[in-house]
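Residues per chain, in single letters:
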Amino acid sequence: MTEASPWWTADVHADRRPRLMLRNGIAAGLRDWFAAHDFVEVQTAALQVSPGNEAHLAAFATEAVGPDGARAPLYLHTSPEFACKKLIAAGETRIFSFGPVYRNRERGPLHHPEFTMLEWYRVGEAYESLMLDCAAFLALAATRTGATLFSFRGRDCDPFAEPERLTVADAFAHHAGIDLLATVAADGSTDRDALHAALTHVGLRTAPDDSWADLFSRVMVEKVEPFLGQGRATILCEYPVAEAALARPSQRDPRVAERFELYCCGVELANGFGELTDADEQRRRFVTEMDEKQRIYGERYPLDEDFLSALAIMPPASGIALGFDRLAMLATGAQKIEDVIWTPVA
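- An unreviewed UniProt entry lists the protein under the name Lysyl-tRNA synthetase-related protein GenX, with Mesorhizobium ciceri biovar biserrulae as the source organism.

## Remarks on the UniProt feature "domain: Aminoacyl-transfer RNA synthetases class-II family profile" (unreviewed entry) in the protein
Thinking step 1. Mapped onto the present numbering, the UniProt feature "domain: Aminoacyl-transfer RNA synthetases class-II family profile" (unreviewed entry) falls on residues 20-344.
Thinking step 2. Structurally, residues 20-344 comprises 34% helix and 22% strand, and the distance from its first C-alpha atom to its last is 12 Å.

## Re helix α4 (residues 168-176)
Thinking step 1. By the burial criterion, the buried members of α4 are V168, A171, F172 and A176. Relative to the axis of α4, the buried residues are bounded by an arc of 100° and lie together on one face.
Thinking step 2. As for α4, its buried residues are in contact with β9 (164-167), α6 (212-224) and β11 (234-237).
Thinking step 3. The positive-phi residue at the C-terminal boundary of α4 is G177, with phi of around 70°.

## Digging into the side chain of T167
Thinking step 1. The residue T167 is located in strand β9 in this model.
Thinking step 2. On the basis of relative accessibility, which here comes to 17%, the residue T167 falls in the buried class.
Thinking step 3. With near-sequence residues (within four places) excluded, T167 lies in contact with L236, C237 and E238.

## With respect to the environment of R23
Thinking step 1. Mapped onto the elements of the fold, R23 is located in helix α1 (residues 10-36).
Thinking step 2. A relative accessible area of 10% places R23 in the buried class.
Thinking step 3. Spatially, the C-alpha atoms of R23 and L322 are 14 Å apart, while their sequence positions differ by 299 residues.
Thinking step 4. If we skip the residues at most four places from it in the chain, R23 touches T116, F324, D325, A328, V340, I341 and W342.
Thinking step 5. Of the polar contacts made by the side chain of R23, one reaches the side chain of T116; its length is 3.0 Å.

## Some details on the nonpolar core
Thinking step 1. Counting residues in each nonpolar core, the largest one holds 46 residues, and the members touching the most others are L118, W120, F150 and F260.
Thinking step 2. For this core, the element with the most residues is helix α3 (residues 128-145), which contributes 8 residues.
Thinking step 3. Ignoring anything within four residues of it in the chain, the contact list for W120 reads F34, F39, I95, F96, L130, D133, C134, F137, S318, G319, I320 and L322.
Thinking step 4. Counting residues in hydrophobic clusters, the runner-up holds 24 residues, among them I178, W212, L215 and Y263.

## Things to note about the packing of aromatic side chains
Thinking step 1. The full count for this structure, using the stated rule, is 17 aromatic pairs.
Thinking step 2. Measuring from centroid to centroid gives 5.1 Å for F34 and F39, while their planes differ by 70°, and the two rings are edge-to-face.
Thinking step 3. On the accessibility criterion, F39 (7% relative accessible area) is buried.
Thinking step 4. What links up through ring pairs into an aromatic cluster is the set W33, F34, F39, F96, W120 and F137.

## Considerations on the sheet that holds strand β7 (residues 150-152)
Thinking step 1. With mixed pairing, the 3 strands of this open sheet are ordered in space as β7-β8-β10. The sheet is open, and its two edges are formed by β7 and β10 (231-232), each paired on a single side.

## A word on the sheet that holds strand β2 (residues 47-48)
Thinking step 1. Taken in spatial order, the 3 strands line up as β2-β4-β3 in an open sheet, and their pairing is antiparallel. Both outer strands of the open sheet, β2 and β3 (61-65), are each paired with one neighbouring strand and no more.
Thinking step 2. Bridge count between β3 and strand β4 (residues 71-76): 5 bridges; the pairing is antiparallel. Residue pairing for β4: T62 is matched across the bridge by L74.

## Side note on the pairing of β4
Thinking step 1. Where β2 lies against β4, 2 bridges are found, and the strand directions are antiparallel. Residue pairing for β4: L47 is matched across the bridge by L76.
Thinking step 2. Hairpin connection between β3 and β4: a loop of 5 residues separates the two successive antiparallel strands, and G69 in this loop has a positive phi of roughly 90°.

## Some remarks on unusual backbone geometry
Thinking step 1. We note that R105 has phi near 65°; this positive angle belongs to a residue other than glycine.
Thinking step 2. Examined against the element boundaries, R105 turns out to sit in the loop between β5 (94-102) and β6 (114-123).
Thinking step 3. The phi angle at R153 is positive, at roughly 50°, despite the residue not being glycine.
Thinking step 4. Tracing the chain through its elements places R153 in the loop between β7 and β8 (155-158).

## Side note on the packing of helix α5 (residues 192-201) against α6
Any two packed helices are characterised by the angle at which their axes cross and by the distance between the axes.
Thinking step 1. Put simply, α5 and α6 touch, their axes get as near as 9 Å, and they point 30° apart. As judged from the angle between their axes, α5 and α6 are roughly parallel. Here α5 runs over α6; the crossing is left-handed. Between α5 and α6, the residues in contact are R192, L195, H196 and L199 and W212, L215, F216 and V219, respectively.
Thinking step 2. Partitioned by chemical class, the residues of the contact of α5 with α6 number 6 nonpolar, 1 polar and 1 charged.

Each value, and the rule that gives it
Residues numbered from 1 in each chain as written. Predicted model: local features only at pLDDT ≥ 70, side-chain atom pairs only at ≥ 80, totals over all residues. Heavy atoms only, no water. UniProt positions renumbered as here; feature names shortened; annotations may be inferred. Helix = DSSP H or I, 4+ residues; strand = E, 2+ residues; numbered from the N terminus. Buried < 20%, exposed > 50% of the residue type's maximum accessible area, 1.4 Å probe, protein only. Arc of directions from axis to C-beta. Contact = heavy atoms within 4.5 Å. Polar contact = N/O pair within 3.5 Å; in protein donor to acceptor, adjacent residues only side chain to side chain. Core = buried A, V, L, I, M, F, W, Y, C linked by side-chain atoms within 4.5 Å. Phe/Tyr/Trp six-rings, centres within 6.5 Å; stacked < 30°, edge-to-face > 60°. Pairing = 2+ DSSP bridges. Axes fitted to C-alpha atoms, helices over the stretch in contact; angles between N-to-C directions. Parallel < 35°, antiparallel > 145°, perpendicular 65-115°, else oblique. Left-handed = near helix turned anticlockwise from the far one by under 90°. Nonpolar A, V, L, I, M, F, W, Y, C, P; charged D, E, K, R; others polar.

And the structure:
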């Protein structure tokens, strides 16, 4: 079997270049859109004292060596989120960051260890405004590439159609036959045994040591996500508070949070929040996540105390992160993420 030529050989690059140029066109269009809507582009440091505090995010670790030889651990950021929120605390009101982020343990058709994240924030605006932004960006990407339909693994999505809005609870009921919120109490706490029984009832596999979060993820991956973003994009919203990450609880129902994800062709493209600004609650969530990370992977990441201090004075805002390479992939008809990355990681 002949080994494939590397991406830097002239013939392979010639095949790849048309999609890469279309990628550049989408990026230029997005920057024009942000400029027209009074956003400021910011460049955040990739080296951080904490790479993020989600249990299943794996970071690249390094260390800083001072002039005196003193060493201190640092990490490549998995998102510019902490830095962007510090800028909001400092007084910025509409910002976007467009640059590389790094995640370990991730490689495949939809994952790459270094990828481009587009992240933007609106101070004093509801998170529904980010949903409108997402719809605009799908149409923009399609217009820039000349695509009339996004297709991936046999699923099609019209990038010009208004996205459907679907709550997580409705998605669980429709696609899996599970009453998710029956396993979530008014204070946001979860009933693992009740969700386990629900999965067993509908014939989904379980394990004795599955947590509520494990069971939730299994339903999402096996029963819900494959059906999202078909025909038109899906905005999956109102995640249970236990899956809220950095999102604030909903005023409508304290069991759920102001969090949504954007899907096209079954592919997750973006993750948006009405931002949590309660530093004490955020610390509690971080500790819970790191305890879970310790249980599963035997490691934990430090908390960014500067971030928590900034959060305490941050004004109400909404923010979102979008995987730019995945958007470029769908808009150009590529079938794997490396096809739209200029220089893939070896």
